[in-house]
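# Residue-level structural notes
So you can see what is in the structure, the chains are spelled out below.
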Amino acid sequence: MLKSKTFVKKTRSGGILKVVREHYLRDDIWCGSEVCVECKDETPVLEKDPCMESNLCTFPHYLIPDTNVVLHQIDILEDRLIRNVIILQTVLQEVRHRSAPVYKRIKDAIHTKEKNFYTFTNEHHRETFIEREPGESANDRNDRAIRVAVQWYSKHIPDSANVKVVLLTNDRLNKEKAEQAGLIAYKCEEYIKSLIANPELIDQLALTSDDKNEITSSKILFPEHLPLSQIQAGIKSGKYIQGTFRANRDNYLEGNVFVQGEGDESTEILLQGLQQLNRAVHQDVVAVELLPRKDWVAPSAVVLQDDGPKAEDDEQEEEEEKKLQMKQVAQQALKPTGRVVGIIKRNWRPYCGMLSVSLIKEATRHLFTPADRRIPKIRIETRRADSLAGQRIMVAIDGWPKNSRYPNGHFMKSLGSAGDRETETEVLLLEHDVPHLPFSQNVLSFLPKMPWTITDDVMKNRVDLRHLCVCSVDPPGCTDIDDALHCRDLENGNLEVGVHIADVSHFIRPGNALDQEAANRGTTVYLCGMRIDMVPELLSSNLCSLRSNVERLAFSCIWEMNHNAEILNTRFTKSVINSKASLTYAEAQMRIDDTSMNDDITKSLRGLNKLAKILKAGRIEKGALTLSSPEVRFHMDSETHDPIDLQTKQLMETNSMVEEFMLLANISVAQKIYDEFSECALLRKHPSPPSSNYDILHKAAKAKNLVIHTESAKELADSLNDAEIDGFPYFNTLLRILTTRCMMQAVYFCSGLDSDFRHYGLATPIYTHFTSPIRRYSDIIVHRLLAVAIGADSTYPALMDKHKQAALCNNLNYRHKMAQYAQRSSVAFHTQLFFKNRGILNEEGFILFVRKNAIIILIPKFGLEGTVFFENKNKPSPKMVFNEEIPTLTVEGHTFNMFDCVRVTISLDASNIQHQKIRMALLEPVIPGVSVPPPDSEPEAKKMKLDR
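Residues numbered from 1 in each chain as written. Predicted model: local features only at pLDDT ≥ 70, side-chain atom pairs only at ≥ 80, totals over all residues. Heavy atoms only, no water.

### Things to note about the overall build of the chain
What the chain contains, in helices and strands, is 25 helices and 39 strands. Computed over the C-alpha atoms, the radius of gyration of the chain is 32 Å, within 12% of the 30 Å expected from 2.2 N^0.38 for a compact globule of 948 residues. Once the C-alpha set of the chain is aligned to its principal axes, its extents read approximately 90 × 80 × 70 Å. Counted over contacts in the chain with a minimum sequence separation of 6, partners at least 24 positions apart contribute 68%. Summed over all atoms, the accessible surface of the chain reaches about 45400 Å², with 49% contributed by carbon and sulfur. Charged side chains in the chain number 118 positive and 128 negative. The centres of these two groups are separated by 3 Å. (Helix = DSSP H or I, 4+ residues; strand = E, 2+ residues; numbered from the N terminus. Rg over C-alpha atoms; globule rule 2.2 N^0.38 Å. Contact = heavy atoms within 4.5 Å. Areas by Shrake-Rupley, 256 points an atom, 1.4 Å probe, with all protein chains shown as cover. Lys, Arg positive; Asp, Glu negative; His and termini not counted. Charge placed at Lys NZ, Arg CZ, Asp CG, Glu CD.)

If you want it as structure tokens, here you go:
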């Protein structure tokens, strides 16, 4: 049966367009139940004996949730107890339109066989499709469509089966109308509370608007949010500004709204205090009203100390808010300041953290403290507080009424004991949104079948380079070897240099499930002692890894160079190689330095090293920056996997050698793909920082009577090279670490949607990523573009679509940033484990930053940063004078400058189990009443086996 709907709409040019939509209705859409005798369904999903023991529904029954139940109670629907659920097409379409994450979760539940979830296409069934009536809202029409489908099921299922259909709805009117029609309908909450098998499921109920009123006080704490129509009109007129709210990590009472301007331009509006934040949560899209200039304030230099979860701490928050307001600041330090007038889009996610159990006995309402300091505490209701104390749990926010100090939420699940390595790793992966579930069977089905061999078909369009003396140089323990190198003399007296990269794009074909999963993951994530692969292990550590003495497919970039490292000719080709050695940086360095070794591999390495030095000197001459960041390496106990040694990474000549040729390959490939595809090349750029970013660097240099020129990368590089202080060899490294903090983030972009390609840090006009396709999806796309450019592979529509390419770049930039944050969190956690059994250590450090109430110290020996606070709640605060201009902090007459050498004690403060931290206290200089006495003695570190 065919239905058609005709309507007219006005086009942009003012014309009238007649639109006819056809809607097919069918009789052969099955109900999906095993008890049905009418439907000819060979694979029914709904069981004939659906047993969910309930005090309300004492009979076998199927559940049909409405849209709001799916949207708000998805945690309940995902529970293993909830089975035999009918998801109507009406509901699925609405959920898809309103929440992509919930839509994905409900689709996953439908695809989980043991859940027995069935999708019924009611909008295309002749007996369940309904037209929208005149004057009826879309929402009311959908509610009626759901009731019609429930009624159809109630009549369709034979009485002899004794299986009923239950509608779950939290809409009072919808429930009343269903009951008037003789249907069985319950509120989700009353149904869940009636279940006998799992009383703990009640904790996972999201609060409905009725429940929220019970928890809040009558006192209005926040201004009312404006309705969306008023916000949109205000944005249009320029009264309000739209932007993304980002809370401050050091200070939860402060944040910025980032307003995207033309191109890469963006401005920031400062928000300070609970009233101005007005219930905005980190990453929400908000509407802001700019305050008059007389009300502008400066960002706070106060670092708020986290002293652990407290049950209720309104008074403390008020004290801290006063602390922000009491400061006197210079006029030029003031920033545009605003207040949130409404929320345009909530970007809430499930949050990991811990329960702060209420001090009231038998209480069911408790505060949850998120692990992410930028998220406010959340009030939840649970009857399991005692068993959840000391556990890491996940909580979702349900809403934030104007008369509640905290948002309201509900418990989702427990992750395990706080402090446990597996639990903490799970938390940091979830908090940084790192996809880490095992690869699905669908993804794995696209892997090559083993045993895999190189066939004649594979050799088409490939050059055989198995005879070349190729070798790889990587960190110790590396199994995902992306790159290998060779260097040999040519008969004409020149040199041939090759960079050979794993040909991952041969195995991952565009658009299949394996490709989609790799695109979503974006990057391999390296944690301490753990790796979360972007592609399955069969590829990452075997078929794509360029291990020694096995034949592997590669994508080669080969140059002819003279002995001055000048490129005479470049060619790109798909190839087959057989690496002659998989070396570590130290092994390669040893070969280069050992004059008695003169085999082909060593000669090749020496040739590469010599050319690399020339290439590096050339880059530095053009203004490439050599920056610094303190990286640490852990040595793990082979049995307990606890860190037993911690040291900063030592770089060798061979590290630089490999880096130079990877950079050269990336630049060569970037130029090639841009020449061929100027509109859709995937490139990487590093924007030059705005001059204000360098303010702290200028102040730090000025304090040491030095001048750093930052007008160009070349001037900055030269200034850094000249910045030396006699008797202070570490000064230059500190300056470079500080310079790194001034830099912008490098990003992927599509060449057709940008005009500024320059990579500031590398001082190159064009750049991309080609050399690590096992661990970066960007490189797979670059490989595909290059393969099309040289005629080695065919193209596909998405590869040539610049808008799709830009959307992909956005995801890659996000995943790359989150992977970096996850890595830092893993280092921080393992650093805490390292200091756990070491008592109080006494170390030398340097001041990196000076704050209003603290100094931030870098300990070079451990590559560790920590804060020395000068305020202690248990004793009177010392006299402190903060000079923001220099900047300096004078404590009881002693002035601290940036880069001053100090001596501190280091210990692990585990008093707040959720936010355990490295506690530093000042030893030297000795300031009476401020510095601490030296520790008695340092405990001898346990002698354990080193797993190097």
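### Considering the sheet that holds strand β32 (residues 854–859)
The strands making up a sheet associate through hydrogen bonds between their backbones, and the pairing can be parallel or antiparallel. With antiparallel pairing, the five strands of this open sheet are ordered in space as β33-β32-β31-β37-β38. Strands at the two margins of the open sheet, each flanked by one partner only, are β33 (864–869) and β38 (917–924). If you compare each strand with its neighbour and ignore which way they point, the axes differ by 45° on average. (Pairing = 2+ DSSP bridges. Axes fitted to C-alpha atoms, helices over the stretch in contact; angles between N-to-C directions.)

### Side note on the sheet that holds strand β16 (residues 391–399)
In space, the five strands of this closed barrel follow the order β13-β14-β15-β17-β16, with mixed pairing throughout. This sheet shows a mean twist of 55° between the axes of neighbouring strands, independent of strand direction. Judged from the four bridges that link them, strand β14 (residues 365–370) and strand β15 (residues 378–381) form a sheet pairing that is antiparallel. Of the residues in β15, the one forming a bridge with L367 is R379. Each of β13 (351–356), β16 and β17 (408–417) touches helix α13 (residues 421–431); the most contacted strand, β17, lies at about 140° to it.

### A word on the packing of aromatic side chains
Evaluation of the coordinates by the stated rule reveals 16 aromatic pairs. Ring centres 5.4 Å apart and planes at 50° place the aromatic pair F749 and F757 in the tilted group. Of the residues examined, F757 reaches a relative accessible area of 11% and is grouped as buried. Relative to F862, the ring of F835 lies with its centre 5.3 Å away and its plane at 85°, an arrangement referred to as edge-to-face. Placement of the pair is F835 in helix α25 (residues 802–836) and F862 in the loop between β32 and β33, with a sequence separation of 27 residues. Each of the two residues, F835 as well as F862, counts as buried. Counting every residue linked through ring pairs, the aromatic cluster contains F728, Y730, F731, F846 and F899. The ring of F439 carries R521 above its face, with NZ or CZ at 4.0 Å from the centroid. Looking at K685, its charged tip hangs above the ring of F749, at a distance of 5.5 Å from the centre. (Phe/Tyr/Trp six-rings, centres within 6.5 Å; stacked < 30°, edge-to-face > 60°. Buried < 20%, exposed > 50% of the residue type's maximum accessible area, 1.4 Å probe, protein only. Lys NZ or Arg CZ within 6 Å of the ring centre and 35° of its normal.)

### Let's talk about the pattern of salt bridges
Pairing between side chains becomes possible if they bear opposite charge and their charged atoms approach one another. Evaluation of the coordinates by the stated rule reveals 52 salt bridges. With its nearest N and O atoms 3.1 Å apart, the salt bridge here joins K175 to E179. With K175 and E179 both in helix α6 (residues 172–180) and four residues apart, the pair spans about one turn of that helix. With relative accessibility at 18%, the residue K175 sits in the buried group. For E179, a relative accessible area of 40% corresponds to the partly exposed category. Where E653 meets K613, a salt bridge forms, and the shortest distance between an N and an O atom there is 3.3 Å. Taken together, the residues E653 in helix α20 (residues 653–676) and K613 in helix α19 (residues 600–622) connect sequence positions 40 residues apart. (Salt bridge = Lys/Arg side-chain N within 4 Å of Asp/Glu carboxyl O.)

### A word on the confidence of the model for the chain
Confidence along the chain averages 86 in pLDDT terms, with 90% of residues attaining 70 or more. Scored below 50 in pLDDT, residues 938–948 shows 23 contacts in the model against residues more than four places distant or in partner chains. (pLDDT = per-residue confidence, 0-100.)

### So, the side chain of R374
Relative to the assigned elements, R374 resides in the loop between β14 and β15. Among the polar contacts made by the side chain of R374, one reaches the side chain of H282 at a distance of 3.3 Å. Apart from the residues within four sequence positions on either side, R374 is in contact with A247, N248, R249 and H282. (Polar contact = N/O pair within 3.5 Å; in protein donor to acceptor, adjacent residues only side chain to side chain.)

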